[in-house]
Amino acid sequence: MENKMKIHITAETNGIQTVAKAGKHTVIVDEPVNMGGKDEGADPLSTLLSALAGCENVIANLVAKEINFDLQGIEFDITGILDPRGFMGDPNVKPYFEKVIIHAKVKTSETQERVNELQKITDQRCPVFTTLKAAGIELEVNWTKAS
């Protein structure tokens, strides 16, 4: 296993709620009360979209250093679209996102062309983004320079 990273978590469940441990950190994944949860954490799909924003941010910061890009911050607005009939048991409907729309406002002194470069490299290297892409999920990406 040369040069391979292992990402490991443990998790315990309490009804519909899941309490995951990632190193010294705790992540609570839950559902609202009306779905049978305790509403003590984000739902699994929102958690996945949050992981996408977090991963894109980490990779963008790595890339920014490599290409000497003035990255002062990113505001993400991400929407996932799916048909709930899939996860409710309809075998004719995909149980995962059909489309994910990513809007990112990049705080920078750089030009929009440089923002486009940062976005392209980040999307090529972000493990969460590329996992969604490999799953055949339509990804609509729009990174703009924050005004």
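Visitor: An account of the overall build of the protein chain is needed here, citing residue identities and associated values.
Guide: From N to C terminus, the protein chain includes three helices and six strands. Scanning the protein chain from its N terminus toward the C terminus, one meets helices and strands in the order β-β-β-α-β-β-α-α-β. Viewed in the frame of its principal axes, the protein chain has a C-alpha envelope of about 50 × 35 × 35 Å. Here the protein chain holds 147 residues, and 29% of them are scored as buried. Sequence-distant contacts, at least 24 apart, represent 55% of the contacts inside the protein chain between residues at least 6 apart.

Visitor: Run through the packing of helix H1 (residues 44-66) against helix H3 (residues 127-134), naming residues and quoting values.
Guide: Across the interface, H1 lies against H3 with an axial gap of 7 Å and an inter-helix angle of 125°. By the angle class used here, H1 and H3 are oblique. Residue-level inspection shows Leu-48, Ala-51, Leu-52, Cys-55, Glu-56 and Ile-59 of H1 in contact with H3, the latter providing Pro-127, Val-128, Phe-129 and Leu-132. The residue inventory of the contact of H1 with H3, partitioned by class, reads nine nonpolar, no polar and one charged.

Visitor: Go over the environment of Val-128 with me, naming the residues and quoting the values.
Guide: For Val-128, the position within the fold is in helix H3. For Val-128 and Thr-47, which are 81 residues apart along the polypeptide, the C-alpha to C-alpha distance reads 12 Å. In this structure, Val-128 is in contact with Ala-51, Leu-52 and Cys-55, ignoring residues within four places of it in sequence.

Visitor: Explain H1 residue by residue, including any values.
Guide: At 3.6 residues per turn, the α-helix brings residues three or four places apart onto the same side. With 23 residues, H1 extends 33 Å between its outermost C-alpha atoms, agreeing within 8% with the 33 Å of an ideal straight helix rising 1.5 Å per residue. Along H1, the residues classified as buried are Leu-49, Leu-52, Ala-53, Cys-55, Glu-56, Ile-59, Ala-60, Val-63 and Ala-64. Packed against the buried residues of H1 are strand E4 (71-81), strand E5 (99-108), helix H2 (112-125), H3 and strand E6 (138-145). At the N-terminal boundary of H1, the capping side chain belongs to Asp-43, with an oxygen 3.0 Å from the backbone nitrogen of Leu-45. Directly after H1, the chain includes Asn-68, whose backbone phi takes a positive value near 55°.

Visitor: A description of a nonpolar patch on the surface should follow, citing residues and the corresponding values.
Guide: The grouping of Leu-45, Leu-48, Phe-87 and Met-88 at the surface amounts to a nonpolar patch, some 370 Å² of accessible area in total. For Leu-48, the location among the structural elements is in helix H1.

Visitor: Now, about the packing of H1 against H2: what can you tell me, with residues and values included?
Guide: Interaxial distance between H1 and H2 falls to 9 Å at its minimum, and their mutual angle equals 125°. Taken together, H1 and H2 sit at an angle that is classed as oblique. In the packing of H1 onto H2, the handedness of the crossing is right-handed. Of the residues in H2, those in contact with Glu-56, Ile-59, Ala-60, Val-63, Ala-64 and Glu-66 of H1 are Leu-118, Ile-121, Thr-122, Asp-123 and Arg-125. Looking at the contact of H1 with H2, its residues break down into six nonpolar, one polar and four charged.

Visitor: So what about the nonpolar core? Which residues, and what values?
Guide: When a protein is soluble and globular, its nonpolar side chains tend to lie buried together. If you look at the biggest cluster of nonpolar residues, it comprises 26 residues, and the most contacted ones within it are Leu-52, Phe-69, Leu-71, Val-100, Leu-118 and Trp-143. Sorting the residues of this core by element identifies H1, E4, E5, H2 and H3 as the ones contributing at least two each. Among residues more than four places away in sequence, those in contact with Leu-118 are Ala-60, Val-63, Ala-64, Ile-67, Phe-69, Leu-71 and Trp-143.

What counts, and where the lines are drawn
- Residues numbered from 1 in each chain as written.
- Predicted model: local features only at pLDDT ≥ 70, side-chain atom pairs only at ≥ 80, totals over all residues.
- Heavy atoms only, no water.
- Helix = DSSP H or I, 4+ residues; strand = E, 2+ residues; numbered from the N terminus.
- Buried < 20%, exposed > 50% of the residue type's maximum accessible area, 1.4 Å probe, protein only.
- Contact = heavy atoms within 4.5 Å.
- Axes fitted to C-alpha atoms, helices over the stretch in contact; angles between N-to-C directions.
- Parallel < 35°, antiparallel > 145°, perpendicular 65-115°, else oblique.
- Nonpolar A, V, L, I, M, F, W, Y, C, P; charged D, E, K, R; others polar.
- Expected span 1.5 Å × (residues − 1).
- Polar contact = N/O pair within 3.5 Å; in protein donor to acceptor, adjacent residues only side chain to side chain.
- Patch = residues over 30% accessible without salt bridge, like charges linked within 9 Å, V, L, I, M, F, W, Y side chains within 5 Å.
- Areas by Shrake-Rupley, 256 points an atom, 1.4 Å probe, with all protein chains shown as cover.
- Salt bridge = Lys/Arg side-chain N within 4 Å of Asp/Glu carboxyl O.
- Left-handed = near helix turned anticlockwise from the far one by under 90°.
- Core = buried A, V, L, I, M, F, W, Y, C linked by side-chain atoms within 4.5 Å.

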